[in-house]
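Commentary on secondary and tertiary structure
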Amino acid sequence: MHSVVIVGTGFGAISAAIALLKRDIRDFVMLERRGFAGGTWLQNRYPGAAVDVQSPLYSISGEPYAWSHLFAKQNQLADYTQGLIEKYLLAEHIKLNAEVMSSVWCDDHWQVTLANQDILSCKTIINATGPLSTPIIPDFEGFERFKGQSFHTNDWQHDVDIKDKNVAIIGSGASAVQVIPAIIDKVKKLHVIQRTPHWVLPRLDWAFPPWLSKFLAFRPIYTFIRWCIYWSLEVRVLAFKYNHTLLKIVGEWPARKHLKKQVHDDNLRKKLTPDFTIGCKRIIISNNYYPALQRPNCELHDQQDTLLGFTEKGLSFEGSGEVEADVVIFATGYNAADSMVSYDVTGKNGASLAQQWEDYPRAYLGTSIPKFPNFFVITGPNTGIGHTSAIFVIESQMKYVMRCIDILQDDKIKSLEPSQAAECEYTQMVHAEMEKTVWKTGGCTSWYQNKQGKVIAMFPGFSFTFRKLCKRFVYAHHLIE
């Protein structure tokens, strides 16, 4: 029996593994459903892929790297991830092609069943599959008739040749904004299908000179730069939550200026101007998206030119009629709010996690759940962050998770879970605070919300507040057997 089963091999899982090793806990296994380890930045290999948080902050504390750009590109993020796996010899703990189908609590341990019918036993489960790991492809009319090739940006098919082809990309969110400029010069014609426009800010990126890159790998310098970036970003919560006038000043006005500077055509600029408050949806950063849309071989289809469905040779639009497409790329996002745990979980007395979360996902500190002992969800309900690095939040959760695991190391302790009252009080606090935020009041529908419109993805406050909550273990909030 394993001490811990970690589901996933991305940054959340790696952070958990490193924390366990530092406690000299080595009898753990990391389960990866794919044929390779590494999570997001090994999976997302679409053209133009890059992070939208400054690299020194979008990294694990104490693990510096000689970044070449302020905003790292996919290849360096993949290299950084693989470097951590090699440094901590995590390959010997990883099982590939090991998709979890179910986990069942059996009085004092978890029984984890894999797709190949293997069954693992463990005292603790850390679910680190990530909220952006289940891509969505909507059910489009006539898709089965389409004779061309298609794929999601999350599963980019590099063997599909798009050079001099008619290509359509459905979506205009973060991945689409990165893909479009990266492929516009390769394709014959690019059709961009936009449901709703996003606010776009300039990408203030710059290449680090070689001497500075080397300094970034020096831990004291890295730590100093990391904290400078952190505090410069943290003040943005004041705008997202407390002062929408400030949000206009620091967000909407620069975004409008950026749009006006790069798009001179009034009609196109109108199509690209959102009708919701900036920040309600994810803010996009890009310097080359608007110019790419204005290339002669690019055509934007907005809500006034509704996508009706697929034909054998391409797509059909309400205004444009039928257009040819050899390749269709889905940049249609992820089921972030309603699929935080992608397998069946059965807790105490047959409790079903899916049923418990039927209305909306909720968890104590976004991490642990009543009736599900020794079970922790990394990047769980309301742990998302719109203004800083997700890794900072992951490491905050680890402070709580590892405190729980320290307690569970005592052989006399069978199980640990939050009380229903503690979870309820925490959840009520989170959603009461959410009422003040732009994610709730900004007038949009986004992946931050679940099907019922409840904001499930985001934490409504400062990230240091969340860390403080995670660092302070409250025995009275837990049931310990």
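This text follows the structure it describes.
Rules used throughout
Residues numbered from 1 in each chain as written. Predicted model: local features only at pLDDT ≥ 70, side-chain atom pairs only at ≥ 80, totals over all residues. Heavy atoms only, no water. Helix = DSSP H or I, 4+ residues; strand = E, 2+ residues; numbered from the N terminus. Rg over C-alpha atoms; globule rule 2.2 N^0.38 Å. Buried < 20%, exposed > 50% of the residue type's maximum accessible area, 1.4 Å probe, protein only. Contact = heavy atoms within 4.5 Å. Areas by Shrake-Rupley, 256 points an atom, 1.4 Å probe, with all protein chains shown as cover. Lys, Arg positive; Asp, Glu negative; His and termini not counted. Charge placed at Lys NZ, Arg CZ, Asp CG, Glu CD. Pairing = 2+ DSSP bridges. Axes fitted to C-alpha atoms, helices over the stretch in contact; angles between N-to-C directions. Phe/Tyr/Trp six-rings, centres within 6.5 Å; stacked < 30°, edge-to-face > 60°. Lys NZ or Arg CZ within 6 Å of the ring centre and 35° of its normal. Patch = residues over 30% accessible without salt bridge, like charges linked within 9 Å, V, L, I, M, F, W, Y side chains within 5 Å. Salt bridge = Lys/Arg side-chain N within 4 Å of Asp/Glu carboxyl O. Disulfide = S-S within 2.5 Å. Core = buried A, V, L, I, M, F, W, Y, C linked by side-chain atoms within 4.5 Å.

For the protein chain, the helix and strand inventory stands at 15 helices and 21 strands. Rg of the C-alpha trace for the protein chain: 23 Å, near the compact-globule value of 23 Å for 481 residues, within the 12% margin. With respect to the three principal axes, the spread of C-alpha positions in the protein chain is 70 × 50 × 45 Å. Taken over 481 residues, the protein chain has a buried fraction of 57%. In the protein chain, 72% of the contacts between residues at least 6 apart in sequence involve partners at least 24 apart. When the accessible surface of the protein chain is summed, it comes to about 21300 Å², and 52% of that surface belongs to carbon and sulfur atoms. Between the mean site of the 51 positive side-chain charges and the mean site of the 48 negative ones, the protein chain shows a separation of 7 Å.

A separate point is the sheet that holds strand E15 (residues 321-324). The pairing of strands in a sheet happens through backbone hydrogen bonds and is either parallel or antiparallel. Taken together, the three strands give an open sheet; going across it, the order is E13-E14-E15, and neighbouring strands pair in antiparallel fashion. Of all the strands in the sheet, just strand E13 (307-310) and E15 have a single pairing partner and so form its edges. Across the sheet, the axes of successive neighbouring strands diverge by a mean angle of 25°, strand direction being ignored. Both strand E14 (residues 314-317) and E15 contribute to a ladder of four bridges, which runs antiparallel. When the bridges of E15 are listed, Gly314 appears paired with Glu324.

Bringing the packing of aromatic side chains into the picture now. Evaluated as defined, the whole model comprises 32 aromatic pairs. An aromatic cluster is built from Trp227, Tyr230, Trp231, Tyr242, Phe392, Phe462 and Phe464, whose rings are joined through pairwise contacts. Positioned above the aromatic ring of Tyr360, the side-chain terminus of Lys454 is 4.8 Å from the ring centre.

As paired elements, strand E4 (residues 100-105) and strand E5 (residues 110-114) share five bridges and run antiparallel to each other. The residue bridging Val100 from the neighbouring strand is Leu114, located in E5. Adjacent in sequence and paired antiparallel, E4 and E5 are bridged by four residues, among which Asp107 carries a positive phi angle near 70°. Of the strand pairs in this sheet, E4 and strand E17 (residues 344-346) are connected by three bridges, and their pairing is parallel. In the sheet register, Ser103 faces E17, and the bridge partner there is Val345.

This next bit is on the pairing of strand E6 (residues 119-127). Taken across its nine residues, E6 has seven buried, putting it largely inside the fold. Pairing of strand E1 (residues 2-7) with E6 involves five bridges; the strand directions are parallel. Paired with Val5 across the two strands is Ile125, which belongs to E6. Examined bridge by bridge, E5 and E6 share four bridges and lie antiparallel to one another.

Before going further, it helps to spend a moment on the sheet that holds strand E16 (residues 327-330). Strand order in the open sheet formed by five strands is E7-E16-E8-E9-E12, with parallel pairing between adjacent strands. Unpaired on one side and paired on the other, strand E7 (149-152) and strand E12 (298-301) mark the two borders of the sheet. Here the average twist between neighbouring strands, direction ignored, is 15°. One ladder, built from four bridges, connects strand E9 (residues 189-193) with E12; its direction is parallel. What sits directly across from Val192, in E12, is Leu300.

Together, Trp211, Phe215 and Phe218 make up a nonpolar patch on the protein surface, roughly 360 Å² of accessible area in all. Topologically, Phe215 is positioned in helix H5 (residues 210-216).

This part covers the pattern of salt bridges. This model, assessed by the stated rule, comprises 17 salt bridges. Close ionic contact of Lys87 with Glu63 constitutes a salt bridge, the shortest N to O distance being 2.8 Å. You can see Lys87 sitting in helix H3 (residues 74-87) and its partner Glu63 sitting in the loop between helix H2 (40-43) and H3, a full 24 residues away along the chain. Using a relative accessible area of 6% as the deciding quantity, one classes Glu63 as buried. Between Asp107 and Lys414 there is a salt bridge whose closest N-O contact spans 3.4 Å. Highlighted residues: Asp107 in the loop between E4 and E5 and Lys414 in the loop between helix H12 (390-408) and strand E20 (416-418), separated in sequence by 307 residues. Because the salt bridges share partners, they merge into one network encompassing Asp107, Lys348, Lys414, Glu417 and Glu481.

Right, let's talk about the state of the cysteines for a bit. A disulfide bridge is the covalent bond that connects two cysteines by way of their sulfur atoms. All told, the structure shown has one disulfide when counted by the stated rule. Bridging Cys280 to Cys444, the disulfide has an S-S length of 1.9 Å. On the sign convention where negative means left-handed, the S-S torsion of about -95° between Cys280 and Cys444 marks this disulfide as left-handed. On the criterion of sequence distance, the pair formed by Cys280 in the loop between helix H9 (266-271) and strand E11 (284-285) and Cys444 in the loop between helix H14 (438-441) and helix H15 (463-471) is long-range, its members being 164 residues apart.

Next up on the list: the nonpolar core. Of all hydrophobic cores here, the largest spans 118 residues; its most connected members are Ile6, Leu90 and Leu190. For this core, the leading source of residues is H12, giving twelve residues. Not counting residues up to four positions away in its chain, the partners in contact with Leu190 are Val167, Ile169, Ile180, Ile183, Ile184, Asn297, Cys298 and Glu299.

With respect to the helices and strands, the residue Thr124 is situated in strand E6. Sequence separation between Thr124 and His109 is 15 residues; the distance between their C-alpha atoms is 7.2 Å. Apart from residues lying up to four places away in sequence, Thr124 is in contact with Ser3, Val4, Val5, Trp110, Asn374, Phe376, Ile405 and Leu408.

With phi around 55°, Leu89 is a residue other than glycine that occupies positive phi space. Its place among the elements puts Leu89 in the loop between H3 and strand E3 (94-95). Positive phi values are uncommon outside glycine, yet Asn97 reaches one of about 50°. Tracing the backbone shows Asn97 in the loop between E3 and E4.

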